[in-house]
Amino acid sequence: MDWHVYTGPDGPRPSATRVSVLGEFGGIGLRTPGHEYSPNNEFFAYEQVYSSAQLTDRYTGMVRDVQQLMTTKGLSAYVYTEITDVEGEYNGLFTYDRRVQKVDTAQLRQAHASLINASRNLNSPAPLTLGHVRSFRVATPGFTDRYLRHANSLARTDVLNTASADGARQDASFRTVTGLADPRCYSFESVNFPGRYLRHADSRARVDADTGGSFAADATWCSRPGLAAGGTSFESLNFPGSYLRHYADNVYLARSGGPNAWDAAGSFAADATWNTSEPALWRSSAVLATDVRKSLRVTTWGFTDRYVRHSDNLGSTEVVNSGSSSLLKQDATFTVRRGLADSSCYSFESVNYPGQFLRHADSRARLAADDGSTLFRQDATFCARPGLSGTGVSFESINIPGSYLRHYDSAVYISSGNGDSFNRPQGLTADSTWALDAPWAP
């Protein structure tokens, strides 16, 4: 089943007998006088940009949106319009005469690599959702109140729960990414030490930054159906047959029946099986300061002078600058609080209407007073993620996972990119990424 969508991207859902293909999309135009041709001197593109940086931004954003379509709607292939300009159309990545490349090679390569890696990851034997935070709870009977955490860089297990200290819960929470050495597997990035990954070294599990050499392979774990029922086991990429295992409060790379004490065969299957399906002890994968004022700025190209504000109790975006009214500056400023429904996520309290919070209701973001209900507190709680566009921060609804705080047509919604209008996939990754700027009302 093949859709053509300009500018797109979007695509049909696959059926039992047909795959989903986005056969044409894009058409972003950048003029390059002296390097283009039209027999009638007329030129066309579906959307106009005015610099290489803008074209690169739009194209890489579309590739990210295609990746969302692949993972949420089952898209199998796409064709971008187009590689080069043709007669009368200036929507290529190269000019008509092939002498000028309009886009940045490194940024395109990075976007394409992310898409390809995510596609390979879809075939993991025990799939985990990329980008999500997870904690590794011990599955061994009698020890199921213990979690894998890092302390002084070494991995161990401790008794933890949602009432434990922030630092300990963050130590026990990891962001899931494609395997650093093999995208069919996974790597786990520390929530509170971004850039450090769970890896093995000299048989100990630990959290380190890239040390070169075998680091990428040491930090890549292939998920397997649990060696014991009811969980997941993690096999080392570079030491097949060795698994992440807890033993005597510490965590090791272990092989059942091997020469070390931590290789002991007794309870090996249970000790090497982890429960990763429950909500993480720290559910945000970006850690924010709380009880501070911030303004949420749009990062979508062409709209970066707009900020989230409330007006007549509805969330919207508006241009805010030094000449704006005092009321607008206050409406566009929020105090970042601990999440009303979960202290590891965040809520946004109005500075000019204390006690009122940004929440979603019927998909629209709006300002309302905390009525103490479970629904309100969930609607007003968002878990922070590294920005879907690669910069900034994205905010995922805690009670509708996969839906993000997003601007669309000057209004603010929660959106999964799985429908039409504000829920369309086009522009989702950019529109759902925010910059936390200094407050307009300090």
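It should be noted that the structure appears before, not after, this text.
Residue numbering note: each chain is counted from 1, following its sequence as written. Note on the predicted model: pLDDT of at least 70 is required for a residue's local features to be given, and 80 or more for side-chain atom pairs to be given and counted; whole-chain, interface and lining totals, by contrast, use all residues. Derived side-chain values reflect all non-hydrogen atoms in the structure, with water molecules and hydrogen atoms excluded from consideration.

Enquirer: In this structure, what is going on with the overall build of the chain? I would like to understand it.
Expert: Helical segments are the DSSP runs of H or I of at least four residues, strand segments are the runs of E of at least two, and each set is numbered from the N terminus. The helix and strand inventory of the chain stands at eight helices and 30 strands. Taking 22 Å as the expected radius of gyration for a compact globule of 442 residues, we find that the chain reaches 24 Å, a close match to that expectation. Overall, the C-alpha framework of the chain stretches about 80 × 55 × 45 Å when taken along its three principal axes. For this analysis, residues touch if any pair of their heavy atoms sits within 4.5 Å. Considering only contacts in the chain between residues 6 or more positions apart, those separated by 24 or more positions represent 54%. Carbon and sulfur atoms form 49% of the exposed surface of the chain, whose accessible area is close to 18,900 Å². Lys and Arg are tallied as positive, Asp and Glu as negative. Neither His nor the chain termini are counted. Note that the charge is assigned to NZ on lysines, CZ on arginines, CG on aspartates and CD on glutamates. Of the charged side chains in the chain, 42 are positive and 45 negative, and the gap between their average positions amounts to 4 Å. For the radius of gyration, the atom set is restricted to C-alpha positions; the globular benchmark scales as 2.2 Å times the number of residues to the power 0.38. Areas reported as accessible are Shrake-Rupley estimates using a 1.4 Å probe. Residue values count occlusion only from the protein chains shown.

Enquirer: I'm lost on the packing of aromatic side chains in this one. Help?
Expert: For any two aromatic rings, the description comes down to two numbers: the centre-to-centre distance and the angle of the planes. The aromatic pairing rule takes the rings of Phe, Tyr and Trp, using the six-membered ring of Trp, and pairs them if the centres are within 6.5 Å, calling planes under 30 degrees apart stacked, those over 60 edge-to-face and the rest tilted. Considering all chains together, one arrives at 20 aromatic pairs under this definition. Each ring, one from Phe25 and one from Tyr78, has its centre 5.4 Å from the other, and the planes form 80°; the classification is edge-to-face. Placement of the pair is Phe25 in strand S2 (residues 20-26) and Tyr78 in strand S5 (residues 75-81), with a sequence separation of 53 residues. Relative to Phe234, the ring of Phe188 has its centre 5.5 Å away and its plane inclined at 85°; by these criteria the two rings are edge-to-face. With Phe188 in strand S11 (residues 186-190) and Phe234 in strand S15 (residues 232-236), this pair connects stretches of sequence that are 46 residues apart. Note on accessibility: Phe188 and Phe234 belong to one class, buried. Through pairs of rings, three or more aromatic residues link up here, namely Phe136, Phe174, Tyr186, Phe188, Phe234 and Trp274. The positively charged end of Arg31 is found above the aromatic ring belonging to Tyr90, 5.3 Å away from the centroid. The classification of residues rests on relative accessible area computed with a 1.4 Å probe and restricted to protein chains. Under 20% of the type maximum is buried, over 50% is exposed, and intermediate values are partly exposed. In this scheme, Lys NZ or Arg CZ marks a charge over a ring once it lies within 6 Å of the ring centre and within 35 degrees of the ring normal.

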